[in-house]
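# A structural walkthrough
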Amino acid sequence: MHALSQVHADFITHGDHRPIFEQLLVLMVELTRSERGVIAEVQRSPDGAPALQLHAVCAWPDALADLRTLAGGALASGEPVMLPAPALPGEALDGAHPPAFLGMPFKLQGDVVGVVGLGLRPGGYDAFHVSFLQPVLTTCGTLIHARREAERRHQGELALTAQQALMKKLALVAARTDNAVIITDSTGRTEWVNEGFTRITGYTLEETVGRKPGELLQGPDTDRKSIVAMSEALHRGEGITVELLNYGKSGRPYWNLIEVQPVHDADGKIVQFVAIESDVTARKQLQQQVSESAERLRLALDSAEDGLWDWNVRTHELTVSPRWLLMLGYEPTLKTSFEFWSQHLCHPEDLPEAHRRLTEHMEGRTPMYEFEHRLRHKDGSWVWVLGRAKVVERDEQGRAVRVVGINSDITSRRRAQEHLQAFIQAIPDMILRVRADGLCLGFKPSALEPTFMSPDAFLGRNIYETSLPEQLLTHLRAALQRVTHDSSLEIFEFPMEMPFGIHQYEARVVPSGPDEGTCIVRNITARKLVEEQRRRQQEQLEERVRHATRELESRQAQLIQSEKLASLGQMAASIAHEINNPVGYVSSNVSTLGGYISVLRRLLELHMRMEEALPPEAREAVAELLEQIRTVREQEHLDELLQDMDDLLSDTKEGTARIREFIQDLKTFVREESGTTQQADLNKLLQVTLRMLRHELKHKVQVRLDFGPMPLVRCYPTQLNQVFMNLLLNAAQAIEPRGDIHITTRREGSEAVVWIRDTGRGMSQETLERLFTPFFTTKPAGQGTGLGLSICYAIISRHKGRIQVDSELGKGTTFLVRLPLSEE
């Protein structure tokens, strides 16, 4: 026991287990007087198999090998084992001996952790030795436990140190990475976030500490199923990666790829969670765009009704789209191969050419495969398709490995081409398709006239070297240059002497390609004869039209004059009223002036009498007369009468002037038009017309004038007066009860422009369409002839001008008159 106490003290002092085990082994060998001894630790492999590790050996040459053999029973049973000498390998039997080997296991918490082996004690071993050595075995177990704990603590310290170093590196990376890094405690509350988290979400470290990330980042459209799956995985202590739609501090939604991993301590307990988040909004948007593009491509292919095919050259496997099969009447589930296409689908006449073109492309001699051929439909008919394909994969030697192509159903187009070809053959004209350099690419002879050469003599030859007429070739060369340059249509005619006389021909040249044109040559001799006959007939007809026009113009002038007289009848009441007003107050003033004159006459008589009685000897009589004169002057207000006489005379003069002006305007308006045009000022013509219509307008219309400086216009003034009068009367009649008429004149380029706009009731679209039709009127029967606006239209047309109207019900009407300016 003293020796064991010393062993414990040495272990506590030095902490090294190997010398301690050697001391214990020496102690046991001495106490039992054994020749050999060994102490070994039992270690378990991952599959549970025991393995021995020697800690101390005494005079045992092959201790480990012998220990595995001799201590097997002790390790299996957990009890001491004593074996006779023959059990020791390498030694001969020398008769019956007591047990020569003692194997004693020692335990720790019920498990065998080591074994002590002693051998070759004189007198052998018995149960006493086992009992005697129990304190030593206990000490060995305690040492093993202490050593394991020390190693575990050391490994833990190393791991902690490594983890701390790793965490420092991770912290440095996390601080600088663009991704967001979040470290939470075991309850999921944030302990630390990096700058990347702040850049992505807008939340700072201070705003997030102590709060769960979901409280800040999750929103109305965040996937709840993903949140539940993440919570369940973290609750089980497992890592998880999910994509979530999160929301930043500003409310901006963004897609987030989150990878969360738990952090365990040395005992396996979860102490933290580390989450790395990446903003994948751009990738999600790109995925969505790719998805939308794929969908658009699918829709485009479906709408185009083209079939796709993919040929594996090595395996001869042919993968086709459902549309490719439906094009031929097969179910979309049919399995195909290149042999099936060659033997059952492709037309035998087209197969060699298809193979040739496909081989040329696969060998790199053509940029792509393109061929029109026939494929057999399931019902036995033939479908024309246009096949296009390209090699998309080659091996290291450059051999084609994979070819992808598309088939377009061109059956309708081929049938249309056949119909077009039949139609072209039915055209009686000669048709040439010629390249710009003169090479003949196509030729169809005329069905009505013999050709100089057979079609084979034209095809593939330079047409300028043939025996076609020089007139045709010269014009054709120039026409081809023009149509290939600007894609125009060129038409030319040429005569050609034939055995039966000179014939006329027409050639039409149109572009039919980037560097070629098509020429159609037609015999137009008969058409020329008809055109000549029609030309003579046209000349005769034009002469008749000119004669009829002269008669019509004469009658139109009469009609205009008649319409003018009708308008004058409508103006009679206005003219009478306008004349009566100035005549009335002239007459009144004259009457008043007569009374004033009588008073003056009396006064003059008195003056005469006074003068007669003025001798010096009759001053009294003069005084009396002077008094009478004074009385009359006061009674008759002679001073006021004399002053009023001046105003009355001025009014009389003004009235007389107005009468003269009105009568002059009336004479100008109704004057018979001469046969030649005159220079006139449109502003003055409008003012004359307004004075003529003063009575018609002043009670219901406010006329607003905006006259601009206008050059003289060569015209028929009275006819323009009639146009302006009709337009103003129509405007006044459209206003109920009161309104405005705006008259504006301007010069616009080489035209004089007059706008007459009213605020009347406007016109419907139906009325506008028939506005200038003769005899069309919206007035009640008997109140209009329907010729006013048609005459206006004829007058403006005669002046080579234009009259336009813009009107809308309830919003008034605007007439626009444009007249060309005089060049003088």
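Residues numbered from 1 in each chain as written. Predicted model: local features only at pLDDT ≥ 70, side-chain atom pairs only at ≥ 80, totals over all residues. Heavy atoms only, no water.

### What to know about unusual backbone geometry
Of note, the bond from Glu736 into Pro737 is cis; its omega dihedral lies within 30 degrees of zero at -10 degrees. A positive phi angle is found at Lys800, which is not glycine, with a value near 60 degrees. You can see Lys800 is positioned in the loop between helix H26 (788-798) and strand S26 (802-807). (Helix = DSSP H or I, 4+ residues; strand = E, 2+ residues; numbered from the N terminus.)

### Things to note about the side chain of His503
Of note, His503 is situated in strand S19 (residues 501-513). You can call His503 buried: its relative accessible area is 15%. (Buried < 20%, exposed > 50% of the residue type's maximum accessible area, 1.4 Å probe, protein only.)

### Comments concerning the environment of Lys107
Looking at the element boundaries, Lys107 is found in strand S4 (residues 101-108). Along the chain, Lys107 and Thr138 lie 31 residues apart, while their C-alpha atoms are 7.7 Å from each other. In contact with Lys107, not counting residues within four places along its chain, are Gly78, Val112, Val113 and Gly141. (Contact = heavy atoms within 4.5 Å.)

### Thoughts on helix H13 (residues 338-345)
Among the residues of H13, Phe338, Trp341, Ser342 and Leu345 are the ones counted as buried. Taken down its axis, H13 places every buried residue within 125 degrees of arc, on the same side. Where H13 is buried, its residues meet strand S11 (307-312), strand S12 (317-320), helix H12 (322-327), helix H14 (351-362), strand S13 (369-376) and strand S14 (382-394). (Arc of directions from axis to C-beta.)

### Points about the pattern of salt bridges
One pass over the full model with this rule turns up 39 salt bridges. The partner of Arg236 in a salt bridge is Glu238, with the nearest N and O atoms 3.2 Å apart. Taking the shortest distance from any N to any O, the salt bridge between Asp437 and Arg435 comes out at 2.8 Å. A relative accessible area of 31% means that Arg435 is categorised as partly exposed. When salt bridges with common partners are traced through the structure, they connect Glu493, Glu506, Arg508, Arg527, Lys528 and Glu531 into a single cluster. (Salt bridge = Lys/Arg side-chain N within 4 Å of Asp/Glu carboxyl O.)

### As for the sheet that holds strand S15 (residues 400-409)
Two orientations exist for strands paired in a sheet by backbone hydrogen bonds: parallel and antiparallel. If you walk across this open sheet you meet the five strands as S12-S11-S15-S14-S13, and the pairing is antiparallel. Each edge of the open sheet is held by one strand with a lone partner, namely S12 and S13. Within this sheet the neighbouring strands show an average axis-to-axis angle of 25 degrees, counted without direction. Set on the sheet, H13 makes contact with S11, S12, S13 and S14; between it and S13 the angle comes to about 60 degrees. With respect to the sheet, H14 is in contact with S11, S13, S14 and S15, its orientation differing from that of S13 by roughly 150 degrees. (Pairing = 2+ DSSP bridges. Axes fitted to C-alpha atoms, helices over the stretch in contact; angles between N-to-C directions.)

### Regarding the layout of surface pockets
Think of a ball as big as a water molecule: rolled over the atoms, this probe shows where empty space is left. Empty space within the second largest pocket amounts to approximately 510 Å³. Together, 23 residues line the second largest pocket, and Gly188, Pro213, Gly214, Met230 and Leu234 are the ones closest to its centre. Elements with a contribution of two residues or more to the lining of the second largest pocket: strand S6 (180-185), helix H9 (213-217), helix H10 (224-235), strand S8 (240-247), strand S9 (253-264) and strand S10 (270-279). The dominant element in the lining of the second largest pocket, judged by the number of residues it contributes, is H10, at five residues. (1 Å grid on protein atoms, 1.4 Å probe; cavity = no way out; pocket = protein on both sides within 12 Å on 5 of 7 lines; lining within 4 Å. Points joined across faces, edges and corners; volume = space filled by probe spheres on them.)

### Description of the nonpolar core
Counting residues in each nonpolar core, the largest one holds 39 residues, and the members touching the most others are Leu682, Leu720, Phe724, Leu727 and Ile741. Of all the elements in the fold, those that place two or more residues in this core are helix H22 (682-692), strand S23 (713-715), helix H24 (717-734), strand S24 (739-748), strand S25 (751-758), H26 and strand S27 (813-820). With nine residues, the single largest contributor to this core is H24. When sequence neighbours within four positions are dropped, the list of residues in contact with Ile741 reads Leu697, Val701, Gln702, Val703, Arg704, Leu728, Ala731, Ala732, Ile735, Ile756, Arg757 and Asp758. Among the nonpolar cores identified, the runner-up in size contains 27 residues, and Trp311, Leu328, Trp341 and Ala354 belong to it. (Core = buried A, V, L, I, M, F, W, Y, C linked by side-chain atoms within 4.5 Å.)

### Observations concerning the pairing of strand S17 (residues 440-444)
Summarising burial for S17: four of the five residues are buried, a large majority. Bridge analysis of strand S16 (residues 430-435) against S17 gives four bridges, and the strand direction is antiparallel. Residue pairing in the sheet places Ile431 in a bridge with Lys444 of S17. Between S16 and S17, which pair antiparallel in sequence order, lie four residues; one of them, Gly438, sits at a positive phi of approximately 105 degrees.

### Description of the packing of H22 against H24
Contact pair H22 / H24: the axes reach a minimum separation of 9 Å and the direction vectors enclose 55 degrees. As summarised for this structure, H22 and H24 are arranged oblique, according to the angle between their axes. Relative to H24, the crossing made by H22 is right-handed. Contacts from Leu682, Leu685, Leu686, Thr689 and Leu690 in H22 reach Pro717, Leu720, Asn721, Phe724, Met725 and Leu728 in H24. (Parallel < 35°, antiparallel > 145°, perpendicular 65-115°, else oblique. Left-handed = near helix turned anticlockwise from the far one by under 90°.)

### What about the side chain of Asp395?
Looking at where Asp395 falls in the secondary structure, it is placed in the loop between S14 and S15. Only 3.1 Å separates the side chain of Asp395 from the backbone nitrogen of Gln397, close enough to count as a polar contact. When sequence neighbours within four positions are dropped, the list of residues in contact with Asp395 reads Arg314 and Val401. (Polar contact = N/O pair within 3.5 Å; in protein donor to acceptor, adjacent residues only side chain to side chain.)

### Quick word on the packing of aromatic side chains
According to the stated counting rule, one finds seven aromatic pairs in the structure shown. Residues Phe772 and Tyr793 carry aromatic rings whose centres are separated by 5.2 Å and whose planes lie at 40 degrees to one another, so their mutual orientation is tilted. Highlighted residues: Phe772 in the loop between helix H25 (765-769) and H26 and Tyr793 in helix H26, separated in sequence by 21 residues. For Phe772, a relative accessible area of 22% corresponds to the partly exposed category. Its relative accessible area of 41% is what places Tyr793 among the partly exposed residues. Through a chain of ring-to-ring contacts, the aromatic side chains of Trp311, Phe338 and Trp341 assemble into a single cluster. Cation over ring: Arg414 sits above Trp384, and NZ or CZ is 3.7 Å from the ring centre. (Phe/Tyr/Trp six-rings, centres within 6.5 Å; stacked < 30°, edge-to-face > 60°. Lys NZ or Arg CZ within 6 Å of the ring centre and 35° of its normal.)

### Observations concerning the packing of H13 against H14
Remark: H13 packs on H14, axes separated minimally by 11 Å, with the N-to-C direction vectors making an angle of 150 degrees. Considering the angle they form, H13 stands roughly antiparallel to H14. Between H13 and H14 lies a crossing whose hand is right-handed. Counted together, Phe338, Trp341 and Ser342 of H13 and Leu351, Ala354, His355 and Leu358 of H14 form the full contact between these two elements. Its residues assigned to classes, the contact of H13 with H14 comprises five nonpolar, two polar and no charged. (Nonpolar A, V, L, I, M, F, W, Y, C, P; charged D, E, K, R; others polar.)

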